[in-house]
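What follows is the residue order along each chain.
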Amino acid sequence: MTDAIAYPPGEFLRFLHRRRGPVVRFGAGRHRYAYLFGPEANRFVFANDELFTMREAFEGLVPVDGETSLIVSDGAEHKHRRRLVQPAMHHRQVARYRAIMTEGADEVIDRWRPGEVVDAYQAFRGAIRRGTLRSLFGPRLAEDADFLGEHLQALLDLVDRQPDVIRLHRALRTPLWQKAMRARARVDERIHAEIARVRESDGDGVLATLVNGRDEDGAGLSDEEIRDQAVTLIAAGYETTSAAMAWAIHLLVSHPELRERAAADEEYRRAFVSETLRLYPPAVVSARHVARGFEFAGHPIRTGTILLYSPYVTHRSAAVYADPLTFRPQRWLPGDPAFRKAGPHEFVPFGGGPHRCVGATMATAELTVMLGRLLERTELRAVEQRIRPTGFAAMRPKNGLRVAVVTKA
């Protein structure tokens, strides 16, 4: 089996971990950073949420997701907003979306013809965007999937950069910044129109849940809060999931010997998805802002530091996973000799603790369902190409993923 494709920034972090241990500090003043590497670092971060804030760590996402997004919320506000978003992401609710996920995969496959070479990443990126809108927000917003995708892309192009670079674009009001803000205005206009419609007609779907939801104190969300949660669910929902889908397809065509088992066994497909997320976690690093200084592994970490932990480093560590650069889905199957149960601090593609990604269940379900439809309806073959990972917000194939369609049902 072929080794995992290396992502240079992630490999540099692995090098730092090997050479300097679980803590690497650098910078000074407002540019002070600390990397905490490995499963024990993840455990510490997830278990000590009171030491950190998210707003400063993810400031670069505010131009897309908004000031009140779950991603940049802290404390009581985060708990309040999360309680109102979570019901739409419960596993029972996600099960109701499976038909839409299946339909989305079929729409892609129906357009393919045997003998042609297709960009599977871009094809499924569009399908996942449409499916996310259809599942969570209903057919009206889904009709605008291409419109929203076009304008959200201008925002995603802005935030797929280091936070300091985004701040520079904002301060200088560069053409990239201005284009993104025009796109945001168009997206906001459409989302706010739909919020107003739901308030008047009492519709269904996630938007209605956000509009009508109340917590135990009777408090709901403002229109701006609803807009921010909706855009976060849309953008994060398809940006990260489509990247993971591309890696799953790459691994499928790279390992044709696994096809028969993956086609016949849904449990094995779920293991296939888990192993994909292990080798290619959407976020190479995640971040926290240190609100209260602490000590970890004998190193003091000062207040004001930006702390970074790395799913990529943890997932590719030989101290955590046997033969970590080998794609081995059976390591996730109880009863298999390769099985070893990974702890919540060892398998972290969706983060962990109070800020674990609220859409994790939906993302894994979508990947499993769409992979199943590909296996049932097509046979794909790898084509010669150089696949290079890229992306700050979501690791994805830089130039897409070309595959040959051999057969189609």
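Residues numbered from 1 in each chain as written. Predicted model: local features only at pLDDT ≥ 70, side-chain atom pairs only at ≥ 80, totals over all residues. Heavy atoms only, no water.

## Details of the overall build of the protein
Formally: Numbered from the N terminus, helices here are DSSP runs of H or I no shorter than four residues, and strands are runs of E no shorter than two. Buried means the residue's accessible area, taken with a 1.4 Å probe over protein chains only, is under 20% of the maximum for its type, while exposed means over 50%, and partly exposed covers the values in between. Pairs of residues are marked as contacts when any of their non-hydrogen atoms sit within 4.5 Å. With residues, only the protein chains shown are counted as cover, and all accessible areas are computed by Shrake-Rupley using a 1.4 Å probe. Neither His nor the chain termini are counted; the positive set is Lys and Arg, and the negative set is Asp and Glu. For the purpose of locating charges, the reference atoms are NZ of Lys, CZ of Arg, CG of Asp and CD of Glu.
Looking only at helices and strands, one finds 17 helices and twelve strands in the protein. Based on the C-alpha atoms only, the size of the protein along its principal axes is roughly 60 × 55 × 45 Å. Taking all 409 residues of the protein together, 56% fall into the buried category. By sequence separation, contacts in the protein at least 24 residues apart represent 73% of the contacts at least 6 residues apart. Accessible surface for the protein amounts to roughly 17800 Å². Of this, 51% is attributable to carbon and sulfur atoms. Looking at charge distribution, the protein has the averaged site of its 59 positive side-chain charges lying 5 Å from that of its 52 negative ones.

## With respect to the side chain of Arg316
Heads up, the condition is: Here a polar contact is recorded for every N or O atom pair within 3.5 Å, except that within protein the pair must consist of a potential hydrogen donor and a potential acceptor, and residues adjacent in sequence are included only if both atoms are side-chain atoms.
Along the chain, Arg316 turns up in the loop between α16 (311-315) and α17 (360-377). Overall, Arg316 belongs to the buried group, its relative accessible area being 1%. Within the structure, Arg316 has its side chain in polar contact with the backbone oxygen of Ile5 (distance 3.0 Å). Not counting chain neighbours up to four residues away, the residues in contact with Arg316 comprise Ala4, Ile5, Ala6, Glu11, Arg14, Leu279, Tyr280, Pro324 and Leu325.

## Concerning the nonpolar core
Rules: The set of buried Ala, Val, Leu, Ile, Met, Phe, Trp, Tyr and Cys residues whose side-chain atoms join them within 4.5 Å is what this entry labels a nonpolar core.
Judged by nonpolar contacts, the single largest core of 116 residues is most densely connected at Trp112, Phe124, Phe137, Ile249 and Phe272. Top contributing element to this core by residue count: helix α13 (residues 223-254), with 16 residues. Apart from residues lying up to four places away in sequence, Phe137 is in contact with Thr132, Val206, Leu207, Ala230, Leu233 and Ile234.

## Notes on the environment of Ile234
Counting through the fold element by element, Ile234 comes out in helix α13. Sequence separation between Ile234 and Thr361 is 127 residues, and the spatial gap between their C-alpha atoms is 15 Å. Excluding residues within four positions of it along the chain, Ile234 makes contact with Thr132, Leu133, Phe137, Leu152 and Ile191.

## Some thoughts on unusual backbone geometry
Generally, phi is negative for residues other than glycine and the peptide bonds are trans, each holding for most cases. A positive phi is found at Ala297, a non-glycine position, where the angle reads about 50 degrees. Turning to its location among the elements, Ala297 is positioned in the loop between β6 (294-296) and β7 (299-301). Of note in this structure, Asp323 is not a glycine but carries a positive phi near 50 degrees. Judged by its relative accessible area of 40%, Asp323 falls in the partly exposed class.

## Thoughts on the sheet that holds strand β5 (residues 286-290)
Spelled out, the test is: When DSSP finds two or more bridges between two strands, those strands count as paired. A fitted line through C-alpha atoms serves as each axis, taken over the contacting stretch for helices, and the angle formed by two N-to-C directions is quoted from 0 to 180°.
With respect to topology, five strands assemble into an open sheet ordered β1-β2-β8-β5-β3, the strand pairing being mixed. Across the chains shown, the open sheet's two edge strands, defined by having one partner strand only, are β1 (23-26) and β3 (52-53). Along the sheet, helix α2 (residues 39-47) makes contact with β2 (33-36), β3, β5 and β8 (306-309), crossing β8 at roughly 130 degrees.

## Remarks on the pattern of salt bridges
In plain terms, the rule: Within this document, salt bridges are pairs made up of a side-chain nitrogen of Lys or Arg and a carboxyl oxygen of Asp or Glu, the two lying within 4 Å of each other.
Enumeration according to the criterion identifies 32 salt bridges in this entry. In this structure, the salt-bridge partner of Arg130 is Glu107, at a minimum N-O distance of 3.8 Å. One end of the pair, Arg130, is in helix α7 (residues 120-137); the other, Glu107, is in helix α6 (residues 98-111), and 23 residues separate them in sequence. Classification of Arg130 by relative accessible area gives buried; the value is 17%. For Glu107, a relative accessible area of 23% gives the class partly exposed.

## Describing the pairing of β2
Residues Tyr33 and Tyr35 point to one face of β2 and Ala34 and Leu36 to the other, with burial holding for every one of them. Here four bridges tie β1 to β2, and the two strands are oriented antiparallel to one another. Note on β2: the bridge partner recorded for Val24 is Tyr35. Hairpin connection between β1 and β2: a loop of six residues separates the two successive antiparallel strands, and Gly27 in this loop has a positive phi of roughly 85 degrees.

## A short note on the side chain of Arg288
Looking at the element boundaries, Arg288 is found in strand β5. No salt bridge is formed by the buried Arg288; the nearest opposite charge belongs to Asp49, separated by 4.7 Å. Aside from chain neighbours lying at most four places away, what touches Arg288 is Val45, Phe46, Phe52, Thr53, Met54, Ala57, Thr305, Ile306, Leu307, Tyr309, Gly352 and His355.

## Details of helix α4 (residues 75-85)
Of the positions making up α4, those classed as buried are His78, His80, Arg81, Arg82, Leu84 and Val85. Its buried side turned inward, α4 meets α12 (205-212) and α13.

## What about the environment of Gly38?
Of note, Gly38 is situated in the loop between β2 and α2. By relative accessible area, which is 6% here, Gly38 ends up buried. Distance from Gly38 to Arg25, taken between C-alpha atoms, is 15 Å for residues 13 residues apart in sequence.

## Regarding the sheet that holds strand β12 (residues 402-408)
Spatially, β4-β12-β9 is the arrangement adopted by the three strands of the open sheet, whose pairing is antiparallel. In this open sheet, the two edge strands, each paired with only one partner strand, are β4 (117-119) and β9 (378-382). Geometrically, the sheet is characterised by an average inter-axis angle of 45 degrees between neighbouring strands, direction not taken into account. In the sheet, β4 pairs with β12 via three bridges, with the strands oriented antiparallel. Within β12, the position partnered with Val118 by the bridge is Val403.

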